[in-house]
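# Descriptive analysis of the structure
Listed here are the chains, written in short residue letters.
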Amino acid sequence: MKLTGIETRIVEMPLVTPFRTSFGTETVRQVLVVRAVAEGAEGWGECGASESPLYSSEYTAGAQDVLERFFIPALRTAQQELGDDFGAHRVAPALAPFKQHRLAKSALETAVLDAQLRTQGVSFADYFGAVRDSVPCGVSLGITDTMDQLLNTVEASLAAGYLRIKLKIEPGWDLEPVRAVRDRFGDIDLQVDANAAYRRSDARLLARLDAFELTLLEQPLPADDLLGHAALAREIATPICLDESATSSRAVATAVELGACSIINIKPGRVGGYLEARRIHDLCSANDIPVWCGGMLETGIGRAANVALAALPGFTMPGDTSASERYYQTDLTEPFRLVDGRIAVPHGPGLGVTPIPEILERFTVSRAWHPV
Ligand SMILES: CC(=O)N[C@@H](Cc1ccc2ccccc2c1)C(=O)O
Ligand SMILES: [Mg+2]
């Protein structure tokens, strides 16, 4: 493939409802969208970073800067050196000298991969080895001001057909909301996500969640406390799932070997891209570790790629691949809709969806073009 240039663009999309987690409240999603222009096709990627470095150390303006200042020039050099051998599989090696910035790296690799697959007429699903035409979907529900608001949101989510409910928790909002949901809705598939808000000294409190037979407890402790998660796993019955800690296949192998988790939330952006995400899927499948596809409030661009990834055989649990309307009144692409609790896997070339130009323009706040 021959890349001719990369466009970076920042869009701002209002969320249908504020999304509150233990690390903050998001009301407008500021997304860095990357377009890779190649001879014969253009590809799309999006960066999972948000405006502030609260979920991860990355943030939108920083991701745009690291792309423009280091990653796109490195891609230009790689293409000059490799010529016809250049392709999406060369992006991660070209960017490897630069440390971290995985969300930004993922956006660029995804855009190049999408362009490449569109020129080849191959879908993400076929490229990854998808085995399903649709994937079971869960939903992630934020912290609410009142218990009634939470119960109403759970009720609406179940009525919409979501097959799994995930509640955000934090110290002071954990046992009570879980008990209220269990009391009202019985033995639904229910899990919680702490986004690293607890400490090892909270073990006895977290052990009280065992009474509610949750599917999993996601990232209770800080991302770098693998030993703390391993100790906690020995003290509670609820399976531990890692998100923020699971930054690469090596990190996942270490966490699993330490007994820090028994389930992994795979987020392609968090691990540097879909190629690394597939490696983690393969590693977990080989070790009987169930995985599910996490979410970062993606627009239809990232949602299309996530749904394709979630169709791999090892994705045996409903993920956070919710419908577009969960987050956006108007998505950048044709909206992803929930049908009987599932979302159809796009089957067109590349992502199988493309941003709708007038909608993309409507939400665009800045853009830049970089010849390659
Ligand atoms: C669906 C879900 O719960 N996602 C993340 C948390 C999260 C929430 C909000 C975000 C907003 C902008 C960027 C990243 C974000 C990540 C999680 O599983 O921990
Ligand atoms: Mg999480």
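What you see is a predicted model; the values in this text were computed from it and never measured.

About the cut-offs
- Residues numbered from 1 in each chain as written.
- Chains lettered and ligands numbered in written order.
- Predicted model: local features only at pLDDT ≥ 70, side-chain atom pairs only at ≥ 80, totals over all residues.
- Heavy atoms only, no water.
- Near = heavy atom within 4 Å.
- Polar contact = N/O pair within 3.5 Å; in protein donor to acceptor, adjacent residues only side chain to side chain.
- Areas by Shrake-Rupley, 256 points an atom, 1.4 Å probe, with all protein chains shown as cover.
- Helix = DSSP H or I, 4+ residues; strand = E, 2+ residues; numbered from the N terminus.
- Buried < 20%, exposed > 50% of the residue type's maximum accessible area, 1.4 Å probe, protein only.
- Right-handed = clockwise from strand over helix to strand, strands pointing away.
- Pairing = 2+ DSSP bridges.
- Donors = N, O, S within 2.8 Å, 3.2 Å for Na, K, Ca; no water.

### Things to note about the site of ligand 1
Around ligand 1 sit 21 residues, and of these Ser140, Lys166, Lys168, Asn195 and Gly295 come closest. The contact in question runs from an oxygen atom of ligand 1 to an N or O atom on the side chain of lysine 267, over 3.3 Å. The contact in question runs from a nitrogen atom of ligand 1 to an N or O atom on the backbone of glycine 295, over 2.8 Å. Here ligand 1 loses 99% of its free accessible area of 430 Å² to cover by the protein chains. Counting residues per element, the ones that place at least two in the shell around ligand 1 are strand E2 (24–38) and strand E6 (164–168).

### With respect to the pairing of E6
Counting buried residues in E6 gives five out of five residues, a clear majority hidden from the surface. Residues Arg164, Lys166 and Lys168 line one face of E6 and the alternating positions Ile165 and Leu167 line the opposite face, and both faces are buried. Handedness of the crossover joining strand E5 (residues 138–141) and E6 through helix H5 (residues 147–160): right-handed. As paired elements, E6 and strand E7 (residues 190–193) share four bridges and run parallel to each other. Following the sheet pairing, lysine 166 is matched in E7 by glutamine 191. Viewed along the sheet, the connection from E6 through helix H6 (residues 175–185) into E7 turns out right-handed.

### Considering the coordination of the magnesium ion (ligand 2)
Every protein donor of the magnesium ion (ligand 2) is accounted for by Asp193 (OD), Glu218 (OE) and Asp243 (OD), and the metal-donor separations fall at 2.1 to 2.2 Å. Ordering the donors of the magnesium ion (ligand 2) by residue number gives the pattern D-x24-E-x24-D. Taken together, the residues span a long stretch of sequence, with glutamate 218 in strand E8 (residues 217–218) and aspartate 243 in the loop between strand E9 (240–242) and helix H9 (249–258) at a distance of 25 residues. Residues glutamate 218 and aspartate 243 agree in their burial class; the two are buried.

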